[in-house]
Amino acid sequence: MARPGDEQMTPSSPITVTDPVILVLASGTTPAAVGTARGQLFESFVARLLHAYGYGKPTTERLNTTANGIELDVVASHEITRQTALAECKAYTSHVPAYMVAVFHSKLVTRRKSSSDDGVQGFFVAIPRLTADGHEYAEQITANDPGFHLLLRFSCCRRVVTVHDPCGMPVG
């Protein structure tokens, strides 16, 4: 017997996702091959993400696969303003802690001070998300540094990714 609020799901019923998460999944014959493949997929994702914000193809400064996930540092130039963007990207299996946001912001400030471009933009990409302390700290930075951008919600990535079902058909 159906209770109030229960809904019948049919094959054509839309699925509401209330807390979407982006995963970087890849295959390989060894754990190292899987890590490398995940790194390449994440790098491609970040390149498309920055392109959606008007930046050209980024160059990779560092790609590191760890037991916790993938770390990627990239630099790109805006296609119109030529303004530099520094992006630090974390695709982890757990929430990204506050100290990693602090380390990135320090790198961003140092780059601004050491270059002639004091308008360097910083993008911190964290998936699945930040810890509560990390999110609070990032909000403080965002309120005081207009050149710091936190990208960790699915909404910032909608126009970048196309989700596919197992048959390869676009979804959503």
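Numbers given to residues run from 1 along each chain, matching the order in which its sequence is written. Given that the model is predicted, a residue must reach a pLDDT of at least 70 before its local features are reported, and side-chain atom pairs must reach 80 or more before they are shown or counted; all residues, however, enter totals for whole chains, interfaces and linings. Hydrogens and waters are ignored; side-chain quantities use all the structure's heavy atoms.

Chemist: What should I look at first to understand unusual backbone geometry in this one?
Modeler: Where the residue is not glycine, phi is negative for most of them; where a peptide bond is considered, it is trans in most cases. Positive phi values are uncommon outside glycine, yet R82 reaches one of about 65°. Strands are runs of DSSP state E lasting at least two residues, helices are runs of H or I lasting at least four, and both sets are numbered from the N terminus onward. The residue R82 is located in the loop between β2 (69-77) and β3 (84-92) in this model.

Chemist: In this structure, what is going on with helix α3 (residues 132-144)? I would like to understand it.
Modeler: Residues three or four positions apart in an α-helix share a direction because the helix packs 3.6 residues into each turn. Working rule for helices: expected span equals 1.5 Å times residues minus one. Along its 13 residues, α3 runs 19 Å from first to last C-alpha, staying within 8% of the 18 Å computed at 1.5 Å per residue. Here α3 has its buried residues at G134, A138 and I141. Projected down its long axis, α3 carries its buried residues within an arc of 60°, all on one side. Across from the buried face of α3, at angles greater than 90 degrees, the exposed residues are A132, D133, A143 and N144. Per-residue accessibility, obtained with a 1.4 Å probe over protein chains only, is compared with the maximum for each type, and a residue is labelled buried under 20%, exposed over 50%, and partly exposed between these values. Directions pointing from the helix axis toward each C-beta atom define the arc.

Chemist: Can you walk me through the environment of A98 in this structure?
Modeler: Its location among the elements puts A98 in helix α2 (residues 98-114). It is 8.2 Å that separates the C-alpha atoms of A98 and A132, two residues lying 34 residues apart in sequence. The contact criterion used is simple: two residues touch if any of their non-hydrogen atoms lie within 4.5 Å. Residue contacts for A98: discarding those within four places in its chain leaves T131, D133, G134 and Y137.

Chemist: What am I meant to see in the pattern of salt bridges here?
Modeler: Any two side chains of opposite charge can pair, so long as their charged atoms come close to each other. Basic side-chain nitrogens of Lys or Arg form a salt bridge, by our definition, when they fall within 4 Å of a carboxyl oxygen of Asp or Glu. Counted by the stated rule, this structure contains four salt bridges. K90 is paired through a salt bridge with E88; the nearest N and O atoms lie 3.2 Å apart. Measuring nitrogen to oxygen at the nearest pair gives 2.7 Å for the salt bridge that ties K107 to E88. Of this pair, K107 sits in helix α2 while E88 sits in strand β3, and the two are 19 residues apart along the sequence.

Chemist: Looking at this structure, I do not really get the pairing of strand β4 (residues 121-127). What am I missing?
Modeler: Along β4, seven of the seven residues are buried, which leaves the element largely enclosed by surrounding structure. Alternating residues of β4 divide into Q121, F123, V125 and I127 and G122, F124 and A126, and every residue in both groups is buried. Bridge analysis of β3 against β4 gives seven bridges, and the strand direction is parallel. When the sheet's bridge partners are listed, A85 is paired in β4 with Q121. A pair of strands is labelled paired if DSSP reports no fewer than 2 bridges between them.

Chemist: Sorry if this is basic, but what is going on with the packing of aromatic side chains here?
Modeler: Here a Phe, Tyr or Trp ring, Trp counted by its six-membered ring, pairs with any other such ring whose centre lies within 6.5 Å, and the pair is stacked when the planes are under 30 degrees apart, edge-to-face when over 60, and tilted otherwise. One pass over the full model with this rule turns up four aromatic pairs. Ring centres of Y53 and F123 lie 5.7 Å apart, and the angle between their planes is 55°; this geometry places the pair in the tilted category. One end of the pair, Y53, is in the loop between α1 (31-52) and β1 (59-65); the other, F123, is in strand β4, and 70 residues separate them in sequence. In this structure F123 comes out as buried when scored by relative accessible area, which is 4%. Taken together, the aromatic side chains of Y53, Y55 and F123 make up a single cluster linked through ring pairs.

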